[in-house]
Amino acid sequence: MKRLFAAVAAATVLFANAQGFPGSKPITIVVPFAAGGPTDLVARQLAETMRKTMGGGANFLVENAVGAGGTIGATKVARAAPDGHTLLLFHIGMAATPALYKKIAYKPLEDFEFLGMINEVPMTLVGKPQLPANTYRDFENYIKTNAGKLNIAHAGLGSASHLCSLMWQSAVKANEAMTTIPYGGTGPAMQALVGGQVDLMCDQTTNTVQQIQAGRVKAFAVTTAKPLSKHPLLKDYPTLQEMGLKGFELTVWHGMYAPKGTPPAVLKQLNEAMKLALKDPDFIKKQDALGAIVVTDARVDPAAHKAFVAAEIAKLKPLIEAAKQFAD
Ligand code: MLT
């Protein structure tokens, strides 16, 4: 009964917030990466769930505005009408691209309204199935004996897979052993890995778990500080720190943003709908299966998320600058 009251109260808050929003016009979530990749997957699962948490009347569309490490899609949303009908779902690239690109067309902390964080996603270092190595140690030896012959795929300059490949190559000083191959998203990059056209990739678990499970790629390590001991599949892989890469830690996160100037009542309504969606058992279950950790209310908070992104920008800048000396 208590739960029923809570649900009714939450729904009342939603309807009390912004009269007439969203109306019959759809809410477009712009994904700045290719369809079929990890960001797209989060957006589609969230859109489906928010449709429910906004009372069923809201219509959501997912639009893939691909290119330049997510900055094309982010620019599009920064310039969109601030009416709540165009939102951006971006990841750690929101904080990494200012250091990875000489110039971007928007200021991450000034040109958006922050709606809140969605999830955290570990990354995995994965190789094509034909690689002879089966463990991270075998793999380290393999890189040494194949210097200059290997290539590593990523989803384009500024993507999370690019950031991870940059940081990992710099940590193992492996740049001379590898050629970097950029794709338009990790969806197509993963296809190239599975097909054996590229040797390696460091990618989000949302994109790798099913491939590892099916034996279509080999996993060597995870990028989190602590082992993923609760995940039935990922618990079997060591962290890069355990493999001797001191201090290595990279976790992708996703957040949602609206153009600057979106009315506060609309933002509140969207934020409340997001909070409810992130508690949806089905959404949590789907994310969990892919190794993603859905955040709790305190982080689905505009001010907390903005402070977090500011801290990430400050943290990543020196790391990226140092890594760029060893890899591209
Ligand atoms: C994607 O959705 O393609 C990825 O999130 C790209 C990436 O590695 O950042």
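Each value, and the rule that gives it
- Residues numbered from 1 in each chain as written.
- Predicted model: local features only at pLDDT ≥ 70, side-chain atom pairs only at ≥ 80, totals over all residues.
- Heavy atoms only, no water.
- Salt bridge = Lys/Arg side-chain N within 4 Å of Asp/Glu carboxyl O.
- Helix = DSSP H or I, 4+ residues; strand = E, 2+ residues; numbered from the N terminus.
- Buried < 20%, exposed > 50% of the residue type's maximum accessible area, 1.4 Å probe, protein only.
- Contact = heavy atoms within 4.5 Å.
- Arc of directions from axis to C-beta.
- Axes fitted to C-alpha atoms, helices over the stretch in contact; angles between N-to-C directions.
- Parallel < 35°, antiparallel > 145°, perpendicular 65-115°, else oblique.
- Nonpolar A, V, L, I, M, F, W, Y, C, P; charged D, E, K, R; others polar.
- Core = buried A, V, L, I, M, F, W, Y, C linked by side-chain atoms within 4.5 Å.
- Domains from an automatic or database assignment.
- Disulfide = S-S within 2.5 Å.
- Pairing = 2+ DSSP bridges.

Participant: Would you explain the pattern of salt bridges in this entry?
Facilitator: Pairs may arise between side chains of opposite charge once their charged atoms sit close together. Going through the model one piece at a time under the given rule, you end up with 13 salt bridges. Between arginine 137 and glutamate 140 there is a salt bridge whose closest N-O contact spans 3.0 Å. Linking arginine 137 with glutamate 140, this pair stays in helix α5 (residues 136–145), spanning 3 residues, or about one helical turn. When its relative accessible area of 18% is taken as the criterion, glutamate 140 is described as buried. As a salt-bridge pair, aspartate 297 and lysine 279 come within 3.1 Å of each other at their nearest N and O atoms. Taken together, the residues aspartate 297 in the loop between β10 (293–294) and α11 (302–323) and lysine 279 in the loop between α9 (264–277) and α10 (281–289) connect sequence positions 18 residues apart. Look at aspartate 297 and you get partly exposed, because its relative accessible area is 33%. Residue classification places lysine 279 among the partly exposed positions, given a relative accessible area of 47%. Connected through shared salt-bridge partners, Glu48, Asp282 and Lys286 make up one network.

Participant: Can you walk me through helix α8 (residues 205–213) in this structure?
Facilitator: Every α-helix carries 3.6 residues per turn, so stepping three or four residues along brings you back to the same face. Counting buried residues along α8, 7 of its 9 residues qualify, which places the element largely inside the surrounding structure. Among the residues of α8, those classed as buried are Thr205, Thr206, Asn207, Thr208, Val209, Gln211 and Ile212. Here the buried face of α8 lies against α2 (38–53), β4 (112–127), α7 (186–194), β7 (200–204), β8 (218–222) and α10. Just downstream of α8 lies glycine 215, where phi reads positive at about 75°.

Participant: Teacher, can you tell me more about the environment of glycine 195 here?
Facilitator: Among the structural elements, glycine 195 can be located in the loop between α7 and β7. Separated by 65 residues in the primary sequence, glycine 195 and glutamine 130 have C-alpha atoms spaced 9.6 Å apart.

Participant: Explanation requested: α5 in the structure shown.
Facilitator: Along α5, the residues classified as buried are Tyr136, Phe139, Glu140, Tyr142 and Ile143. Looking straight down α5, one finds its buried side chains confined to an arc of 160°; they lie on one side. Turned more than 90 degrees off the buried face of α5, the exposed positions are Lys144 and Thr145. Next to the buried residues of α5 lie β4, β5 (150–154), α6 (160–172), β6 (178–182), β7 and β8.

Participant: Please clarify how the packing of α2 against α10 should be interpreted in this entry.
Facilitator: The axes of two packed helices give the description: the angle between them and the distance between them. Packing of α2 against α10 leaves a shortest axis separation of 10 Å and a crossing angle of 170°. Here α2 lies roughly antiparallel to α10, going by the angle between them. Residue-level contacts link Val42, Gln45, Leu46, Glu48 and Thr49 of α2 to Phe283, Lys286 and Gln287 of α10. For the contact of α2 with α10, the per-class residue count stands at 3 nonpolar, 3 polar and 2 charged.

Participant: Honestly, the nonpolar core in this entry has me stumped. Any pointers?
Facilitator: Here is a general trend for soluble globular proteins: nonpolar side chains tend to be buried in one another's company. Formed by 87 residues in total, the largest nonpolar core has its most connected members in Tyr136, Phe139, Trp168 and Met256. Broken down by element, this core gets its largest block of residues, 8 residues, from β4. Looking at this core, you find at least three residues from each of domain 1 (2–120 + 252–323) and domain 2 (123–222). Residues within four places of tyrosine 136 in sequence aside, it is in contact with Leu125, Trp168, Val172, Phe220, Ala221, Leu240, Met243 and Leu245. Within the second largest apolar cluster, 17 residues are counted, among which are Val126, Ala189, Met190 and Met201.

Participant: For this particular structure, what's the right way to read the state of the cysteines?
Facilitator: Cysteine pairs can be linked by a disulfide, which is a covalent bond between their two sulfur atoms. For the coordinates displayed, the defined rule picks out 1 disulfide. Here cysteine 164 is linked by a disulfide to cysteine 202, with a sulfur-sulfur distance of 2.1 Å. Taking the sign of the S-S torsion, 55° for the link of cysteine 164 and cysteine 202, the bridge is right-handed. One end of the pair, cysteine 164, is in helix α6; the other, cysteine 202, is in strand β7, and 38 residues separate them in sequence. There is no split in this pair, since cysteine 164 and cysteine 202 are both buried.

Participant: Help me understand the pairing of β5 in this model?
Facilitator: Looking along a regular strand, one sees the side chains alternate between the two faces of the sheet. Summarising burial for β5: 5 of the 5 residues are buried, a large majority. The two faces of β5 match: Leu150, Ile152 and His154 on one face and Asn151 and Ala153 on the other face are all buried. Pairing of β5 with β6 involves 5 bridges; the strand directions are parallel. Looking across to β6, one finds that leucine 150 is bridged to methionine 178. The pairing of β5 with β7 spans 2 bridges and is parallel.

Participant: Looking at this structure, how should I read the pairing of strand β9 (residues 251–259)?
Facilitator: Of all 9 residues making up β9, 9 are buried, and the element is well covered by its neighbours. Relative to β9, strand β3 (residues 86–91) runs antiparallel, the two sharing 4 bridges. Bridge assignment links histidine 91 to a residue of β9, and that residue is histidine 254. By the bridge criterion, 9 bridges tie β4 to β9 in an arrangement that is antiparallel. In the sheet register, asparagine 119 faces β9, and the bridge partner there is histidine 254.

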